Amino acid sequence: MIDLRLLRDDPDMVARAYAKRGGVEGLEQIAELDATYRELLGEVESGRAEHNRASKAIGRAGPDERPAAIAEAKTLADKLKVLETRLDHAARARDEAAAYLPNLPHESVPEGLSEKENVVDRHVGEIPQFDFAARDHVTLGEQLGIFDGDRGVKTSGSRFVYLTGPGVMLELALVRFALDSLLDRGFKPVIPPVLVKEHAMFGTGFLPADEHEFYKSERDGLYLTGTSEVGLAAMHSDEILQESDLPLRYAGFSSNFRREAGTYGKDTKGLIRVHQFDKIEQFSFTHPEDSWDEYATIRANQERILQTLEIPYRVVTMCAGDLGSSAAKKVDNEAWLPGAGRYLEVTSATNATDFQARRLKVRFRDSDGARLVHTLNGTACAVGRTIVALIENHQRPDGSIGIPEALRPYTGFDEIKAV
RNA sequence: GGUGGGGUAGCGAAGUGGCCAUAACGCGAUCGCCUCGAAAGCGAUUGGGGGUUAACCGCCCCCCGCGGGUUCGAAUCCCGCCCCCACCGCCA
């Protein structure tokens, strides 16, 4: 949710900002709905004031004045009821329309309407030069018993896998490694609920826009989250935090569930695009003035993890048209996959500014009263895709995988032997 | 799932149809007085959202778990839901 006052005070600025993302439909209507709402609100409020006065007068009235006073108050009450119904409709119409408005892109976000216009900023790390034909992660993974895709399909359908043997050890090692690299930087580990109420999905901006992306338990009215961001963001909903407690930093670990609707035929094998995967996620609640510094912190953590794992990657800034609904800015790191011969998104960092905070009502108190915080999220380690990048980049001619130095204390072994 | 009790400010808690909503009372917090300093004591202050305003002041509206209803008027009465506590049942 954006601040509708912005739309009220400077509609051109808002329209220009949205035009950068490809425009939004019905911006003028929303402005009109808002104006109608406020006009009605004024009428209702003065109606209520009048009625309150009449009503209170009854309490003080003597027995003979009472019937007349009651009759007068009743007339006012009836009139009010009609107005209040209209106000109610107006508020609903405005809020429903406004709920679809995405965040305003930050000025540093490049122009562009499709992912083709995302900007590659930098390349980091050595691309490995193999003197043998590099295998892709599907071949390596099934050969080495890291995962079992066929049985995943048997049990749960396509895009489900069993992670097995060394795959499990690798996952647990990566999780603990990523967690450790955040703990000493003030991130508190959290395993959030992955089944959440509608308000959490709405508050993070995944609803109403991306409904089709998520599994839902209709019977209980709960959604399976596609990222621990949801549980972490909602953790402080309806709270007023202490200014001195900011930034609040969390390292969330959870399984994530995505329906991957509309991706039929894309990455159907292996760990790249699955309905269920585990991930360590950074999430920060910050003072609004500090959120871009925090953004840099989160991104630095992401890059450090990739570098430490000796995975080459490039940094891609999303253009305005490719931003998620809550994002003012989004930057991805894409790992190079020597086997597949392409780059793969392995991390993503978003500054949602006050967009989620407004919907979730997460505020802090300073001398001006309660103000909205900013929220940010960024992958620390998406386990499945990191395993993909890791094994493709650290494969050896004989089909074994070398474990990067920094991960060995966590795996307890320094290679996955060829079989 | 059943029965009983409960959800009011940062916390505890009073209030069972108007004179009780910034809301009694107590605690905590902040500021001031006192003090060399502190404690004690005394005094003051101490919620959120919204409208009006260029902004401030002011004025007004809304908020007693959530949503409906009854009434001129609801924290208070009625209905539904959620959550907490206790016991029972069921399950690990």
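No experiment lies behind these values; they were computed from the predicted model shown.

1. Some points on the environment of V168
The topology assignment puts V168 in helix 7 (residues 166-183). Along the backbone, V168 and P105 are 63 residues apart, and their C-alpha atoms lie at a distance of 39 Å.

2. Quick look at the protein's contact with RNA strand B
Near RNA strand B there are 20 residues, and of these H51, S55, I58, R66 and R363 occur at the shortest range. Residue R38 places a side-chain N or O atom 3.2 Å away from a phosphate oxygen belonging to RNA strand B. One nitrogen or oxygen atom from the side chain of R48 is found 3.0 Å from a sugar or linking oxygen belonging to RNA strand B. Elements with a contribution of two residues or more to the surface near RNA strand B: helix 1 (4-9), helix 3 (27-60), helix 4 (66-98) and strand 14 (362-366). Broken down by element, the surface near RNA strand B gets its largest block of residues, nine residues, from helix 3.

3. A word on the sheet that holds strand 13 (residues 342-351)
Strand order across the open sheet formed by eight strands is 1-11-12-13-16-10-9-4, with mixed pairing between neighbours. Both outer strands of the open sheet, strand 1 (119-124) and strand 4 (188-190), are each paired with one neighbouring strand and no more. This sheet shows a mean twist of 25° between the axes of neighbouring strands, independent of strand direction. With five bridges connecting them, strand 11 (residues 313-317) and strand 12 (residues 329-337) associate as antiparallel partners. Each bridged residue has a counterpart across the sheet, and for R314 the counterpart in strand 12 is E334.

4. Focus: the pairing of strand 11
Counting buried positions along strand 11 gives four out of five residues, so the element sits mostly inside the fold. With five bridges connecting them, strand 1 and strand 11 associate as antiparallel partners. Directly across from V124, in strand 11, lies its bridge partner Y313.

5. What to know about the domain arrangement of chain A
Domain annotation of chain A identifies domain 1 (4-98) and domain 2 (115-416). One C-alpha centre belongs to domain 1, the other to domain 2; they are set 43 Å apart.

6. Some details on helix 12 (residues 383-393)
With 11 of 11 residues buried, helix 12 lies mostly within the body of the structure. When helix 12 is considered as a whole, its buried residues turn out to be V383, G384, R385, T386, I387, V388, A389, L390, I391, E392 and N393.

7. Remarks on the layout of surface pockets
Its boundaries defined by the atoms lining it, the second largest pocket holds a volume of some 510 Å³. What lines the second largest pocket is a set of 20 residues, and nearest its centre among them are M1, I2, D3, R358 and R359. Those elements that provide at least two residues to the lining of the second largest pocket are helix 1, helix 4 and helix 11 (355-360). Looking at the lining of the second largest pocket, the element that brings in the most residues is helix 4, giving four residues. Residues that form the lining of the second largest pocket fall into these classes: nine nonpolar, no polar and 11 charged. Here the lining of the second largest pocket spans two domains, and each of domain 1 (4-98) and domain 2 (115-416) adds at least three residues to it.

How each quantity is defined
Residues numbered from 1 in each chain as written. Chains lettered and ligands numbered in written order. Predicted model: local features only at pLDDT ≥ 70, side-chain atom pairs only at ≥ 80, totals over all residues. Heavy atoms only, no water. Helix = DSSP H or I, 4+ residues; strand = E, 2+ residues; numbered from the N terminus. Near = heavy atom within 4 Å. Polar contact = N/O pair within 3.5 Å; in protein donor to acceptor, adjacent residues only side chain to side chain. Pairing = 2+ DSSP bridges. Axes fitted to C-alpha atoms, helices over the stretch in contact; angles between N-to-C directions. Buried < 20%, exposed > 50% of the residue type's maximum accessible area, 1.4 Å probe, protein only. Domains from an automatic or database assignment. 1 Å grid on protein atoms, 1.4 Å probe; cavity = no way out; pocket = protein on both sides within 12 Å on 5 of 7 lines; lining within 4 Å. Points joined across faces, edges and corners; volume = space filled by probe spheres on them. Nonpolar A, V, L, I, M, F, W, Y, C, P; charged D, E, K, R; others polar.

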